[in-house]
Amino acid sequence: MKLSRRRFVQAMAVSAVAGVAGCRSDSVQDVDLHVEGLSWHKSVCRFCGTGCGVQLAVRGGRIVALRGDPQHPTTKGLVCAKALFLPKVVHSPDRLTVPLVRKNGKLVETTWEEAMSLVAKRFAQAIREHGPDAVAYYGSGQCLSEESYLANRLFKGGIGTNNVEGNPRLCMASAVGGYVSTFGKDEPMGCYDDIEHAGVFFLIGSNTAECHPVIFDQILYNRQKGRKAKVIVLDPRRSPVRTVADVYLSPVPGYDLPVLHAMAHEIIRQGWHDEAFIRENVTFKTVVDGRPQAVSFEDYVKFLEPFAPEKVAPSCGVKASEIRLAAQLFVEGPTMSFWTMGLNQRVAGVFANNLVHNLHLITGQIGKPGATPFSLTGQPNACGGVRDTGSLSHLLPYGRVVTNAEHRREMEKLWGCPEGKIPPKPGLHTIEMFRALAENKIKCLLILTTNPGHSLPNLTPYREAMGKQRKDKPFVVVADIFPTRTTELADVVLPAAMWSEKEGVFGMSERRYQLVEKLIDPPGKARSDFDILLDLATRLEKLGVVPKGFVSSKFRTPEDVWDEMREASRGTAYDFTGMTRQRLRKERGLRWPCPSEDHPGTARRFVKGEDPLLDEGPYADPEAKPGQVRFYAQKDKRAVVWLRPAREPAEPPDEQYPYILSTGRVLEHWHTGTMTRRAAELARAQPEAFVEIHPQDAKKLGIAPGDLVRITSRRGEAVIKAHVVPNPRPGMVFVPFHWEDDASLINLVTIDAYDPGSKQPEFKICAVKLAKA
Amino acid sequence: MNSSRPSGSQEPAVVVGVLARVEPHCQEQLRQQLERLPGVATFELDLPGQLGLLIEAASPQQAAQVLQQQVATVPGVLACWPVFECDESQLPEFIDL
């Protein structure tokens, strides 16, 4: 059969679109391509935290195609546009392939031996001369779990510093703070299966349509073909999510906490709260003189009095009737809440998370199919790789913290380091780590798979700290796959292997751990981050600053590390000892807890009959009846409803800087755009930065669509093309942060104020002035 | 496919497949409106709120222009994802299947 090339290309295009949409188009003539030498392999998408199952076609040592994996149990063949272009990203001609060292101010090619020898020598020298806290590690929610665990182990247990951080501090730390303070341990108790069962979705501070499109597709599917769920949207910006809202609340940026309290007020005023659930599972707390103090339900009711919908409506910019309607819908349930950066990237991030949990707890909308508070994740392995392995400055693996002596002893025993090696004080969190770099308190920094020279807020001082040539300049090492705004500042650049060029586990938002298998070799001389860490550890052992054999005698492969990680989880609330490598090779991921090799994994934590930890082990509760919730990660097995003040933004607008800047993402690009801008199709679809400005503001300032706008804060400025659209509220502008040229680098403008609990910076709100450029 | 109009051109073309998310309550009206744009054809997908689009243009730049300046600006079109792009001049005139 012969087909004209036009019809052939059309058929291919239609098939590709239908594939992304997760369906077959009846109008398409199937074109079945039988290509010699092509093999398909299961894998996981490299981009966001949804964890979509994908299949990769490999031929001749190259990934030549990607498609959704229809056998994947939760994403069922759906993928978004970004994923389809991963093969082009992997094989981009821009990949770093040779180590580089800075000589006479310029990065020049060198050998691995010279590069690693220099790195080890400088780290050892800093440790000897200034102590272990003179060095630091800054990792990523994109490293594989074994890599993050190994780095954490090397720095905390081997070198003896808690200066271990990662970019999840910029995106997920407030969600961690929310889960831990309310439920006792991190990570959601629900799962993606709940989307099918939900009767109401509460989307708050989440542009799910563009940032987690596959989740949004599943919400739409429920809404249109399933339970016909209702949708409540709470967001100051009218993102595409708003268009499916049954109730849309658009508060003044930073004033959503009073709205959440007002919903709770309305729920209780109407008697819609679940008294039996509260009596059995909930405790109420406030903070007095810096310490948590238990209070009564009546105290909570009294606390909520000033937050009656009619009282908060004027200052929040939301109608009282809309708040009441949102509250009414919320209790109809089963209700599933989703949120991301709109809540987390705030100085009130932890409090905002607590208040969402409060709504679920007072209504009993939790622990049942379709009823759960669920924080969506921005990176593929922020959950499994950084949060769960404890690769932040205050954490240790699997729910342990550095301030707990017993937790330190457990890890010292498992890691085989002397008692007292892990310091009892948290290390420097991200912003303070880069401030310490500026002050020359940190002498050496290792950065893996992330781009802080673009992604940190208030960039100028931190870029200077990393790159400005000066006496005693800190020594900065960056391993990455592409040249970035961070590699340009480094003293040593190490070419890293990418996803699918190495093996390891990604842990996504619903506690599912999935194996990414090595399918092709990395380009040139690039190496995996695992190999880089192993090499560094071995050299530091030889130089006497890490105990001999601490890493080198224990691990040869990522699988060796995985086996120790499983052991580290034993007896904890994360127990995944049953997830052997063999099982992960076969399965399309497993959800923890999974305490034995015959356990299928857990859909919903804390629910008797679903969570195996309620049947056996330290958290067992034989008294609980099937379906009952037991928040066993809290000592009294009760989750906490917190009486949190409605903390305001760090930098509200004023006369000098009268507008609010909020940053975010677009569909076609991902984070600092280092990967997506290298796929020509995605780059063309969104080729340049833009600022969304409301037509009222544009008119006032004489700005027309396409004009360049100068956006100035107390810290810096950017000059970006105007999109005059009614998406942001009047008085607010929105800029995506994906582009890296100086004029578009919006993080020169953002603020580095951070939540005092989670230490997560407030990317979502700062004061700016605007002018036509 | 609802339209074969773009195939009428015999000039070598770039073909772009686009998944468009549209307001479900006015989907048919939007589909007809998009069909009227030069070089644009639509096709139905299983889910309400989603439309498939084929854009044919002389160059990738022209296709991107049609997508950004004509398709994406139609009120009711919520998002457009270009998921496939091919320059047919890279292929032989007839394909053996």
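Residues numbered from 1 in each chain as written. Chains lettered and ligands numbered in written order. Predicted model: local features only at pLDDT ≥ 70, side-chain atom pairs only at ≥ 80, totals over all residues. Heavy atoms only, no water.

J.: How should I be thinking about the overall build of chain B in this particular structure?
T.: If you tally the helices and strands in chain B, you get 2 helices and 5 strands. Reading chain B from its N end, one meets helices and strands in the order β-α-β-β-α-β-β. Taking all 97 residues of chain B together, the buried fraction comes to 56%. Long-range contacts, defined here as pairs at least 24 residues apart, represent 71% of the contacts in chain B between residues at least 6 apart. For chain B, the computed accessible surface area is about 4,300 Å², with 50% contributed by carbon and sulfur atoms. (Helix = DSSP H or I, 4+ residues; strand = E, 2+ residues; numbered from the N terminus. Buried < 20%, exposed > 50% of the residue type's maximum accessible area, 1.4 Å probe, protein only. Contact = heavy atoms within 4.5 Å. Areas by Shrake-Rupley, 256 points an atom, 1.4 Å probe, with all protein chains shown as cover.)

J.: What is the right way to read the overall build of chain A from this model?
T.: Within chain A one finds 27 helices and 30 strands. The principal-axis extent of the C-alpha atoms belonging to chain A is close to 70 × 65 × 65 Å. Taking all 773 residues of chain A together, 66% fall into the buried category. Partitioning the contacts of chain A with sequence separation of at least 6, the portion at a separation of at least 24 is 72%. A total of about 26,000 Å² of accessible surface is found on chain A, and carbon and sulfur atoms cover 50% of it.

J.: Honestly, the packing of aromatic side chains in this entry has me stumped. Any pointers?
T.: Each aromatic ring pair is summarised here by two numbers: the centre-to-centre distance and the angle between the ring planes. Residue and element names in this part refer to chain A. The tally for this structure, following the rule as stated, stands at 25 aromatic pairs over all chains. An angle of 15° between the planes, with centres 6.3 Å apart, marks the rings of Phe201 and Phe338 as stacked. In this pair, Phe201 is assigned in strand 9 (residues 200–204) and Phe338 in strand 14 (residues 335–339), connecting sequence segments 137 residues apart. Taken as a pair, Phe201 and Phe338 share a single burial class, namely buried. Measuring from ring centre to ring centre gives 5.3 Å for Phe284 and Tyr300, while their planes differ by 35°; the resulting arrangement is tilted. Of this pair, Phe284 sits in strand 12 (residues 282–288) while Tyr300 sits in helix 13 (residues 297–304), and the two are 16 residues apart along the sequence. On the accessibility criterion, Phe284 (5% relative accessible area) is buried. Since its relative accessible area comes to 0%, Tyr300 is described here as buried. Through a chain of ring-to-ring contacts, the aromatic side chains of Tyr179, Phe183, Trp339, Phe606, Tyr619, Phe631 and Tyr632 assemble into a single cluster. (Phe/Tyr/Trp six-rings, centres within 6.5 Å; stacked < 30°, edge-to-face > 60°.)

J.: In this structure, what is going on with the sheet that holds strand 26 (residues 690–693) of chain A? I would like to understand it.
T.: Residues and elements named next belong to chain A. Spatial ordering of the closed barrel is given by 25-29-26-28-27-30, a layout of 6 strands whose pairing is mixed. Neighbouring strand axes in the sheet, compared pairwise and without regard to direction, differ in orientation by 45° on average. Taken together, the 4 bridges between strand 27 (residues 708–712) and strand 30 (residues 766–772) define a ladder with antiparallel strand orientation. Paired with Ile711 across the two strands is Leu770, which belongs to strand 30. (Pairing = 2+ DSSP bridges. Axes fitted to C-alpha atoms, helices over the stretch in contact; angles between N-to-C directions.)

J.: How should the domain arrangement of chain A be read in this particular structure?
T.: Interfaces are often described in size by the accessible area the parts lose on coming together. Residue and element names in this part refer to chain A. Per the domain assignment, the segments of chain A are domain 1 (5–90), domain 2 (100–168 + 382–551), domain 3 (173–375) and domain 4 (659–772). The straight-line distance from the C-alpha centre of domain 1 to that of domain 3 is 35 Å. Contacts between domain 1 and domain 3 engage 10 residues on the former and 10 residues on the latter. Of the roughly 790 Å² buried between domain 1 and domain 3 on both sides combined, carbon and sulfur atoms contribute 61%. Viewed at the interface, domain 3 and domain 1 are joined by 0 salt bridges. Taken together, the connections running from domain 1 to domain 3 amount to 3 residue pairs in polar contact (both at pLDDT 80 or more). Tallied by class, the residues present in the side of domain 1 that touches domain 3 amount to 5 nonpolar, 4 polar and 1 charged. (Domains from an automatic or database assignment. Buried area = accessible area lost by both parts, 1.4 Å probe. Salt bridge = Lys/Arg side-chain N within 4 Å of Asp/Glu carboxyl O. Polar contact = N/O pair within 3.5 Å; in protein donor to acceptor, adjacent residues only side chain to side chain. Nonpolar A, V, L, I, M, F, W, Y, C, P; charged D, E, K, R; others polar.)

J.: Help me out: how do you make sense of helix 1 (residues 27–35) of chain B in this one?
T.: One turn of an α-helix holds 3.6 residues; hence residues three or four places apart share an orientation. Three or more residues of helix 1 of chain B are buried, namely Gln27(B), Leu30(B), Arg31(B), Leu34(B) and Glu35(B). Summarising the axial view, the buried residues of helix 1 of chain B lie within an arc of 135°, below the 170-degree limit, and thus occupy one face. (Arc of directions from axis to C-beta.)

J.: Where do I start with the pairing of strand 27 of chain A in this structure?
T.: Across a regular strand the side chains alternate sides, sitting on one face of the sheet and then on the other. Relative to strand 28 (residues 717–724) of chain A, strand 27 of chain A is paired through 5 bridges, and the arrangement is antiparallel. Each residue of the ladder has a partner; that of Arg710(A), found in strand 28 of chain A, is Val719(A).

J.: Teacher, can you tell me more about empty space enclosed by the protein here?
T.: Taking a probe equal in size to a water molecule and rolling it over the atoms shows the remaining empty space. All names here are of chain A. Per the stated rule, a full pass over the model turns up 7 cavities of 30 Å³ or more. Put simply, the largest cavity is a space of about 460 Å³. What lines the largest cavity is a set of 36 residues, among which Gly205, Asp235, Met341, Gly342 and Lys764 lie closest to the centre. Within the residue set of the lining of the largest cavity, elements represented by two or more residues are helix 9 (208–211), helix 16 (341–344), strand 25 (659–664) and strand 29 (732–736). Considering every element that reaches the lining of the largest cavity, the biggest residue donor is strand 25, with 3 residues. Along the lines of polarity and charge, the residues of the lining of the largest cavity split into 13 nonpolar, 15 polar and 8 charged. The space that makes up the second largest cavity amounts to roughly 380 Å³. (1 Å grid on protein atoms, 1.4 Å probe; cavity = no way out; pocket = protein on both sides within 12 Å on 5 of 7 lines; lining within 4 Å. Points joined across faces, edges and corners; volume = space filled by probe spheres on them.)

J.: Help me understand the packing of helix 5 (residues 145–159) of chain A against helix 19 (residues 405–415) of chain A in this model?
T.: A pair of packed helices is captured by two measures, namely the crossing angle of their axes and the spacing between those axes. Residues and elements named next belong to chain A. Contact pair helix 5 / helix 19: the axes reach a minimum separation of 12 Å and the direction vectors enclose 105°. Considered as vectors, helix 5 and helix 19 are oriented roughly perpendicular to each other. Residues Tyr149, Asn152, Arg153, Lys156 and Gly157 of helix 5 form the contact with helix 19, whose participating residues are Met411, Leu414 and Trp415. Broken down by class, the residue content of the contact of helix 5 with helix 19 amounts to 4 nonpolar, 2 polar and 2 charged. (Parallel < 35°, antiparallel > 145°, perpendicular 65-115°, else oblique.)

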